[in-house]
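Secondary and tertiary structure notes
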Amino acid sequence: MRRAWVAGAGILLALSLAACSSDPSAGEASAPPSPTPTPTPSSVVWAGTVCVAFADVKASVAALGSNLSYDISSDRSALDQIDRQLRLQVLSVADSADRLSTALQGVPVDFVAANDMVTSLTKTGTDTREAVDAVTSHLDAATGADNVIAAGAEIAQAVVAGKAAFTAGQAFVGAIGDATSTASGQLKEAFDAAPQCQGQ
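The paragraphs below set out a description of the structure included in this document. Quantities reported herein were computed from a predicted structural model and do not represent experimental measurements.

**Considering the overall build of the protein**
A count of helical and extended segments in the protein gives 6 helices and 0 strands. In the protein, of all internal contacts separated by at least 6 residues, the share reaching a separation of at least 24 is 81%. Total accessible area on the protein stands at roughly 11800 Å², and carbon and sulfur atoms take up 59% of it.

**Section: helix H5 (residues 148–181)**
Between its terminal C-alpha atoms H5 stretches 48 Å, which fits the 50 Å expected from 34 residues at 1.5 Å a residue. Of the residues flanking the start of H5, the one acting as N-cap is Asn147, its side-chain oxygen 3.1 Å from the backbone nitrogen of Ile149.

**Description of the packing of helix H3 (residues 76–105) against helix H4 (residues 115–144)**
Interhelical geometry of H3 versus H4 gives an angle of 160 degrees and a closest axis separation of 9 Å. The angle between the axes of H3 and H4 places the two elements in the roughly antiparallel class. For H3 against H4, the interelement crossing comes out left-handed. Among the residues forming the contact of H3 with H4, the class breakdown is 12 nonpolar, 5 polar and 6 charged.

**Some remarks on the packing of aromatic side chains**
Tallied over the full model, the rule gives 2 aromatic pairs. Measuring from ring centre to ring centre gives 5.8 Å for Trp46 and Phe111, while their planes differ by 75 degrees; the resulting arrangement is edge-to-face. With Trp46 in helix H2 (residues 42–65) and Phe111 in the loop between H3 and H4, this residue pair connects regions lying 65 residues apart in the sequence. The class of Phe111 is buried, set by a relative accessible area of 6%. Members of the aromatic cluster, connected to one another through ring pairs, are Trp46, Phe111 and Phe191. Against the face of Phe54 rests Lys58, its NZ or CZ located 4.7 Å from the ring centre.

**Thoughts on the pattern of salt bridges**
What the rule picks out here adds up to 7 salt bridges. Two residues, Arg87 and Asp140, come together in a salt bridge whose shortest N-O distance is 2.8 Å. Highlighted residues: Arg87 in helix H3 and Asp140 in helix H4, separated in sequence by 53 residues. For Arg87, a relative accessible area of 18% translates into the label buried.

**Focus: the environment of Val118**
Tracing the backbone through its elements, the reader meets Val118 in helix H4. In this structure the C-alpha to C-alpha distance between Val118 and Ile176, which are 58 residues apart in sequence, comes to 9.8 Å. When neighbours within four sequence positions are excluded, Val118 is seen to be in contact with Trp46, Leu104, Gln105 and Val107.

**What to know about the side chain of Thr128**
If you trace the backbone, Thr128 turns up in helix H4. Judged by its relative accessible area of 1%, Thr128 falls in the buried class. Excluding anything up to four places from it in sequence, Thr128 contacts Val93, Ala168, Gly169 and Phe172.

**Focus: the nonpolar core**
Burial of nonpolar side chains together is a common tendency in soluble globular proteins. Ranked by internal contacts, the top residues of the largest apolar core, which has 49 residues, are Trp46 and Phe191. Mapped by element, the contributors of at least two residues to this core are H2, H3, H4, H5 and helix H6 (185–193). Of all the elements, H5 adds the most residues to this core, at 11 residues. The residues contacting Trp46, other than those within four sequence positions of it, are Ala103, Leu104, Gly106, Val107, Pro108, Phe111, Ala114, Met117, Val118, Leu187 and Phe191.

**A look at the packing of H2 against H3**
Put simply, H2 and H3 touch, their axes get as near as 8 Å, and they point 165 degrees apart. In terms of orientation, H2 lies roughly antiparallel with respect to H3. Relative to H3, the crossing made by H2 is left-handed. Between H2, through Trp46, Thr49, Val50, Ala53, Phe54, Asp56, Val57, Ser60, Val61, Ala63 and Leu64, and H3, the contact on the second element is made entirely by Leu86, Gln89, Val90, Ser92, Val93, Ser96, Ala97, Arg99, Leu100, Ala103 and Leu104.

How each quantity is defined
- Residues numbered from 1 in each chain as written.
- Predicted model: local features only at pLDDT ≥ 70, side-chain atom pairs only at ≥ 80, totals over all residues.
- Heavy atoms only, no water.
- Helix = DSSP H or I, 4+ residues; strand = E, 2+ residues; numbered from the N terminus.
- Contact = heavy atoms within 4.5 Å.
- Areas by Shrake-Rupley, 256 points an atom, 1.4 Å probe, with all protein chains shown as cover.
- Expected span 1.5 Å × (residues − 1).
- Polar contact = N/O pair within 3.5 Å; in protein donor to acceptor, adjacent residues only side chain to side chain.
- Axes fitted to C-alpha atoms, helices over the stretch in contact; angles between N-to-C directions.
- Parallel < 35°, antiparallel > 145°, perpendicular 65-115°, else oblique.
- Left-handed = near helix turned anticlockwise from the far one by under 90°.
- Nonpolar A, V, L, I, M, F, W, Y, C, P; charged D, E, K, R; others polar.
- Phe/Tyr/Trp six-rings, centres within 6.5 Å; stacked < 30°, edge-to-face > 60°.
- Buried < 20%, exposed > 50% of the residue type's maximum accessible area, 1.4 Å probe, protein only.
- Lys NZ or Arg CZ within 6 Å of the ring centre and 35° of its normal.
- Salt bridge = Lys/Arg side-chain N within 4 Å of Asp/Glu carboxyl O.
- Core = buried A, V, L, I, M, F, W, Y, C linked by side-chain atoms within 4.5 Å.

Right, dumping it as structure tokens:
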């Protein structure tokens, strides 16, 4: 009887050891905790957003500058084609300028180093938007004209306004480039640390 009891106890002990060795959580207590990633500073996130929007403005302004010619002898179908193409391009400039203005206005409230830059660039962006609105106004007038001569005159004015919008857009791009490249202190650190700003 005693021999059976000893044998039974040995079996229970063996099963307990086997269970412990197969427990997947047995070694977890000794594993070091994973390091907590350092959050990206809000100023760097903001700078990256500005640089992405800046790239869109540069692209849209360059596209506008590639299509500012007009043939005075164009018929109505040609005028309509000019209208569509120019309208799409100035709307692209307007949209990208608006996105950049939104990005600028999203500056963290405690990032006072960017205040002067935001104020200056917002004003330049507004000038660009007003120049684009002038183009759209002439294009709308051309669409509503009741004869090809009147439509042609408005398209011609739209092209002139488009050149002014292109100049304003170039000034906007130049101002942004100057502001980011000549930044100093905390502002420079933010743009230098943002991956989206590298190579611009």
